[in-house]
Amino acid sequence: MREQSLNLLAQLGGIDEQYIDEAGEDIPAKKKVHWLRWAALAACLAVVIVGGGILTGVIPGLPIGGVNPSAGGSGVDPAADGPSTFMSYAGPVFPLTLREENDAIMAERNVTLDFAPWIRTWWSNEDEANSRNGLTEEERQEVLARYNEWFPEGGRWQSSSDILVTDSYTLTNTSDQDQKLTVLYPFAGGLYNLGNVRPTLRLDGVALDTALHSGVGAAVSPEGGGDVLSHADCWEDYRDALADGTYLRNALKGCPDLSGTKVTVYEFTDPWGPEKDDEAGLPNPSILAAFHQDVEHSRVLSVGFNGGYYGWDTGEMKLEFSIPRPGERDYAFRLIVVGEDIQDLVTQGYASGGGWDGGDPIEAGVTVTRHEADLEEVLRQTAWDIYGNWDADFVPGVDFETYYGLLKSWLVTDGPLSDAGRYGGGALEENIVLAQARVFWLEAEVTVPAGGSVELTASMRKEASCDFYCAHTKNQGVYGYDLTTRLGSNLHCAAQAATLEDRGQIVIVRQNYGFDLENGVKTVPLTEEEYYLEVKRAPEG
Amino acid sequence: MEDSAIVELFWSRNSQAISELQNKYGGVCQSVAARLLGSVEDGQECLNDALHRVWNTIPPQRPRSLRAYLGKIVRNLAIDRWRERSAQRRDGEVASLTAELEDCLPAAPSAEAVAQGNETAAAIDRWLGTLSKEDRVLFVRRYWYGDRVDELAKRRGVSPNNLAQRLFRLRSGLKRALEQEGVIVCANRV
């Protein structure tokens, strides 16, 4: 857990009271205190997972450590030599590598760091209002009126702290035979920002078709500090994650194949019950499914269920979902039992949620069917049910296969099918694959003719690293961009150089490149393993 | 009793003000703290401390909304208490909420001159003002009142998956807004 997100939670407390009051009128139809049960059960779950090792031998799991206690701090005095330790660390720019090392290929690398996105552009209030999709004209006018009040000059200047990185390689074939290469270009990010940070690879100016390989989020620190990348705050964390090559090998290996694991599937279809009637005080009814689970020998994955009661000590489980109202999108309600089948499954309708607390039973029902299936098959369908419910622009650039593969990886390394099993409740919608930090690799095929050269270029937006504290750090307004020259690369590079396109936007706070803006030194050779550039916006005028 | 009347009781140093305030808003505010901390008892203690602080700050304060005034104090006390807990005891919704709010932290503040930390809430206010009422209430219920996702989904008759998507989109929107306004999230309190 990052300290700054806790700070944000605290600062959210200071929002305008009108919004607090407005939301205060949104009162639950029936007051229940379900969280108590959930919190207690979460504690029980932790004990069960640690002691149980339920599926060991059924599905391979990886050891997962705890949260890195040092993550999130701003541990380096900016006045001291060396790079800062940033609270929000975007990861370095990595060097190109080859799937198979090739002694016949010699490379020269030229990296350009372009601060063009820092140039301020005018964003009018009209632009702001027009950028909001799905508004009625009346709503658009409301937005415009608000922004005209806040920015009476008619708009505001804005800019990005991203930079444009062009990472170019001249690949020379020193042999007398054509060399077919499989190149791998790494970059840091997550599914959540993949659409923004995914590079484009070009060969002699022509865009290449690329395949995406995703690092599995659980890159475990050699010191046992947990998922290194999710809590990375300096380039060394990426070095640790990539050092022995396991992380890359796992990414290239692809997602786990879960076929061959037989599971029992319960489908809940055609739920029915009395319609919600606010005026009559009838809340939307729900269906509760109660069953007995042998918690030592099975795991239950669910989709569509809103909540539940998990009796880990007794095996008595109760999951429920709200009956969809007419016009709502179809959604799957499904239990997937891995291991020993559940027993004594019964369903009951309730006037509202919380049937496990002794709610009000009602006339309602659902058709339950049971069949056996292959885990891979039913999981793919279930992942599609989740993915298919997303809006088109929910996570741009993320295709289903990428999402599904990472979902499976998460399930067996970090999720409910792993020994760690922190999410043992089994609700598949609660997966965290979108938010996990990773290293991705773009793979492409390149042929370098005998005795000839080609120009391979990766172009991308690179987000900045920064420190969120304003009260306790001198790094306010400082943005960092790191670059590595050899990390994870087997490419033989004869020379590397970096060029800074500062666009008159920056003041260099600290660096080890050797750029000298005053004296016009903007291209420098790279000989160290890691470079850092930390800058502030140049004063106006 | 109207808020203004309760405030007058505080100003006249009438101890009935405490019981009136507790009767009117004690339940919801205690629930907020209890949700955040995962403990009814801790929630009650936060409420008691908050009522004491209200007594000590009115006068000179004259809040317009007592629900917001008491709620903000209770919420801050709950988060303070959560911070002070050992890692082993950090249950309750705070853990979930902070994990979700990591999505809102700007990847980096804008290259514009950054706003001060105490302007974060003001920036969030401006962003909330751009939302539809439905989205605004949803966001505030989740991240101010600490309502669970499944509770909110049930209340709106949608699946938790759909609701989680909406929350994700709202968090992304807040992140963009904070970046555009050059806001950084600071350790100091609002």
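Residues numbered from 1 in each chain as written. Chains lettered and ligands numbered in written order. Predicted model: local features only at pLDDT ≥ 70, side-chain atom pairs only at ≥ 80, totals over all residues. Heavy atoms only, no water.

Chemist: I'm lost on the overall build of chain A in this one. Help?
Modeler: Secondary structure summary: chain A contains 10 helices and 25 strands in total. Within the span of chain A, comprising 541 residues, buried residues form 54% of the whole. Put simply, chain A shows about 22800 Å² of open surface, and 48% of that area lies on carbon and sulfur atoms. (Helix = DSSP H or I, 4+ residues; strand = E, 2+ residues; numbered from the N terminus. Buried < 20%, exposed > 50% of the residue type's maximum accessible area, 1.4 Å probe, protein only. Areas by Shrake-Rupley, 256 points an atom, 1.4 Å probe, with all protein chains shown as cover.)

Chemist: Just checking my understanding: could you explain the pattern of salt bridges for this structure?
Modeler: Between side chains of opposite charge, a pair can form when the charged atoms approach closely. Overall, the coordinates contain 32 salt bridges over all chains when judged by the stated rule. A salt bridge links R461 of chain A to D162 of chain A; the nearest nitrogen and oxygen atoms lie 3.0 Å apart. Within this pair, whereas R461 of chain A is found in strand 20 (residues 453-462), its partner D162 of chain A is found in the loop between strand 4 (155-158) and strand 5 (163-173), the two being separated by 299 residues in sequence. Here E534 of chain A and R510 of chain A are joined by a salt bridge, their closest N and O atoms 2.3 Å apart. Of this pair, E534 of chain A sits in strand 25 (residues 530-537) while R510 of chain A sits in strand 23 (residues 506-511); the two residues are 24 residues apart in sequence, bridging distant segments of the chain. Of the two residues, E534 of chain A and R510 of chain A, both sit in the buried class. One network of salt bridges, with partners in common, ties together D42, E45, D49 and R81 of chain B. (Salt bridge = Lys/Arg side-chain N within 4 Å of Asp/Glu carboxyl O.)

Chemist: Would you take a moment to explain the sheet that holds strand 24 (residues 523-525) of chain A for this structure?
Modeler: Strand pairing in a sheet relies on backbone hydrogen bonds. The paired strands run either parallel or antiparallel. Residues and elements named next belong to chain A. Across the sheet, 7 strands lie side by side as 8-7-20-5-2-22-24; this open sheet has mixed pairing. Of all the strands in the sheet, just strand 8 (206-207) and strand 24 have a single pairing partner and so form its edges. The pairing of strand 22 (residues 493-501) with strand 24 spans 3 bridges and is classified as antiparallel. Considered in strand 24, the bridge of T499 is made with T523. (Pairing = 2+ DSSP bridges.)

Chemist: Which parts of the structure should I look at to understand helix 5 (residues 137-150) of chain A?
Modeler: For an α-helix the count is 3.6 residues per turn, leaving residues at separations of three or four pointing the same way. Residues and elements named next belong to chain A. Taking 1.5 Å of rise per residue, the 14 residues of helix 5 would be expected to cover 20 Å, and the 20 Å separating its terminal C-alpha atoms lies within 8% of that figure. Within the sequence span of helix 5, burial applies to R140, V143, L144 and Y147. Angularly, the buried residues of helix 5 cover 100 degrees about the axis, an arc narrow enough to put them on a single face. Counted as exposed and oriented over 90 degrees from the buried face of helix 5: E138 and E149. Residues of helix 5 that are buried make contact with helix 4 (125-130) and strand 4. (Expected span 1.5 Å × (residues − 1). Arc of directions from axis to C-beta. Contact = heavy atoms within 4.5 Å.)

Chemist: Can you help me understand unusual backbone geometry in this one?
Modeler: Residues other than glycine predominantly adopt negative phi, and peptide bonds predominantly adopt the trans conformation. The omega angle of the peptide bond from I58 of chain B to P59 of chain B is -15 degrees, so this bond is cis rather than trans. Following the sequence through the fold, P59 of chain B ends up in the loop between helix 3 (40-57) and helix 4 (66-84). With a phi angle near 50 degrees, D270 of chain A is a residue other than glycine that sits in the positive phi range. Here D270 of chain A is to be found in strand 10 (residues 262-272). The exposure class assigned to D270 of chain A is exposed, which follows from its relative accessible area of 58%.

Chemist: Would you take a moment to explain the sheet that holds strand 14 (residues 316-322) of chain A for this structure?
Modeler: Residues and elements named next belong to chain A. Taken together, the 5 strands give an open sheet; going across it, the order is 13-14-11-16-17, and neighbouring strands pair in antiparallel fashion. Only two strands of the sheet have a single partner each, and these edge strands are strand 13 (307-310) and strand 17 (361-362). The sheet contact formed by strand 13 and strand 14 spans 4 bridges and is antiparallel. By the bridge assignment for strand 14, G307 is matched with E320.

Chemist: Is there a simple way to think about the nonpolar core in this case?
Modeler: The tendency in soluble globular proteins is for nonpolar side chains to be buried side by side. By size, the foremost hydrophobic cluster in this structure holds 81 residues, and its most contacted members are F115, L171, L375, L379, Y403 and Y513 of chain A. Considering every element that reaches this core, the biggest residue donor is helix 10 (residues 400-413) of chain A, with 8 residues. Summarising the domain contributions, this core has at least three residues from each of domain 1 (32-55 + 258-398 + 407-430) and domain 2 (97-119 + 162-232 + 437-537) of chain A. Residue contacts for F115 of chain A: discarding those within four places in its chain leaves I163, Y481, L500, E501, D502, R503, Q505, I506, L533 and V535 of chain A. A10 and A23 of chain A together with C29 and A123 of chain B belong to the second largest nonpolar core, which has 63 residues in total. (Core = buried A, V, L, I, M, F, W, Y, C linked by side-chain atoms within 4.5 Å. Domains from an automatic or database assignment.)

Chemist: How do you make sense of the packing of helix 2 (residues 16-37) of chain B against helix 4 of chain B when you look at a structure like this?
Modeler: When two helices pack together, their arrangement is captured by the angle between the axes and the distance separating the axes. All names here are of chain B. Between helix 2 and helix 4, the least distance of the axes is 9 Å, while the angle of their chain directions is 30 degrees. Looking at the two axes, helix 2 sits roughly parallel to helix 4. Seen along the crossing, helix 2 lies across helix 4 with a hand that is right-handed. Contacts between helix 2 and helix 4 pair L21, Y25, G26, C29, V32, A33, L36 and L37 from the former with L66, R67, L70, G71, V74, R75, A78, R81 and W82 from the latter. (Axes fitted to C-alpha atoms, helices over the stretch in contact; angles between N-to-C directions. Parallel < 35°, antiparallel > 145°, perpendicular 65-115°, else oblique. Left-handed = near helix turned anticlockwise from the far one by under 90°.)

Chemist: Can you walk me through the packing of helix 1 (residues 3-12) of chain A against helix 6 (residues 120-129) of chain B in this structure?
Modeler: For the pair helix 1 of chain A and helix 6 of chain B, the least separation of the axes is 9 Å and the interaxial angle reads 70 degrees. Taken together, helix 1 of chain A and helix 6 of chain B sit at an angle that is classed as roughly perpendicular. When you trace helix 1 of chain A past helix 6 of chain B, the crossing you get is right-handed. Of the residues in helix 6 of chain B, those touching helix 1 of chain A at L8, Q11 and L12 of chain A are T120, A121 and I124 of chain B. Class assignment of the residues belonging to the contact of helix 1 of chain A with helix 6 of chain B gives a composition of 4 nonpolar, 2 polar and no charged. (Nonpolar A, V, L, I, M, F, W, Y, C, P; charged D, E, K, R; others polar.)

Chemist: Mind showing me how you'd approach the confidence of the model for chain B here?
Modeler: Reading fine detail from the predicted coordinates is not recommended where pLDDT is low. Residue and element names in this part refer to chain B. Across chain B, the average pLDDT comes to 79, with 85% of residues at 70 or higher. Within the model, the stretch residues 108-117 combines pLDDT values under 50 with 45 contacts to residues more than four positions away or in other chains. Counting contacts from residues 186-190, a segment whose pLDDT is below 50, to residues more than four positions away or on other chains yields 23 contacts. For this predicted complex, the interface confidence comes out at an ipTM of 0.81, alongside a pTM of 0.64. (pLDDT = per-residue confidence, 0-100.)

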